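# Structure at a glance
Residue-level listing of the chains:
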Amino acid sequence: MNPVRSSLFALLGAALLGLGAIGTAAAADDEVTMFKDPHCGCCGKWADHMRENGFKVKEVISQEMDQVKRQAGVPRALGSCHTAQVGGYVVEGHVPAADVKRMLTDKPAITGISAPGMPLGSPGMEGPYPADHYDVVSFDAQGKTAVFASH
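Summary of the structure given here. None of these values were measured; they are calculated from a predicted model. (Residues numbered from 1 in each chain as written. Predicted model: local features only at pLDDT ≥ 70, side-chain atom pairs only at ≥ 80, totals over all residues. Heavy atoms only, no water.)

## Digging into the side chain of Lys 69
Tracing the backbone through its elements, the reader meets Lys 69 in helix H3 (residues 65–72). For Lys 69, a relative accessible area of 11% gives the class buried. Separated by 2.6 Å, the side chains of Lys 69 and Glu 92 make a polar contact. Lys 69 has contacts with Val 74, Ser 80, Cys 81, His 82, Thr 83 and Glu 92, leaving out every residue within four places of it along the chain. (Helix = DSSP H or I, 4+ residues; strand = E, 2+ residues; numbered from the N terminus. Buried < 20%, exposed > 50% of the residue type's maximum accessible area, 1.4 Å probe, protein only. Polar contact = N/O pair within 3.5 Å; in protein donor to acceptor, adjacent residues only side chain to side chain. Contact = heavy atoms within 4.5 Å.)

Structure, rendered in structure tokens:
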């Protein structure tokens, strides 16, 4: 094979590999890994909410949720019952799927988002009681927080 043709095939192969990597990265944005305590029922309901909104959710049981949260960089004040990872971000607690999708689309320079505590009426926390008004809060590695969405 002549050197020009060989270089052309190498360039084409690299381009196809690059397109494949982009497709893989985009597909990974719908894959959620959720860490939860084995005794928590509402976490599974949040996972169902995420699945109903197009995400693939892998549930991982952990007896060490404090350690999971620390390693994920979740500020103590923003903690909730489960911690998830999706698209390079952390999602703490009962965050609505629409907020997760917005974060993945906008790609802000943050570590993640949280629905602190366990707000009544949030995804996975629905019931016969009135829903709480709550904020989803963004956070970064320096501890800076901001309201990401209000519900």
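Picking up after the structure, the text goes on.
## Here we look at the side chain of Ser 138
Mapping Ser 138 onto the fold places it in strand E6 (residues 135–139). According to the relative accessible area criterion, Ser 138 is buried, its value standing at 9%. Setting aside its immediate chain neighbours within four residues, Ser 138 contacts Ile 110, Gly 112, Ile 113, Lys 144, Thr 145, Ala 146 and Phe 148.

## Overview of unusual backbone geometry
One non-glycine residue, Lys 107, lies in positive phi territory at about 50°. With respect to the element layout, Lys 107 can be found in the loop between helix H4 (97–106) and strand E5 (112–115).

## Thoughts on the state of the cysteines
Summed over the entire model, instances satisfying the criterion amount to zero disulfides. With no disulfide of its own, Cys 81 lies 3.7 Å from the sulfur of Cys 43, the closest cysteine sulfur. (Disulfide = S-S within 2.5 Å.)

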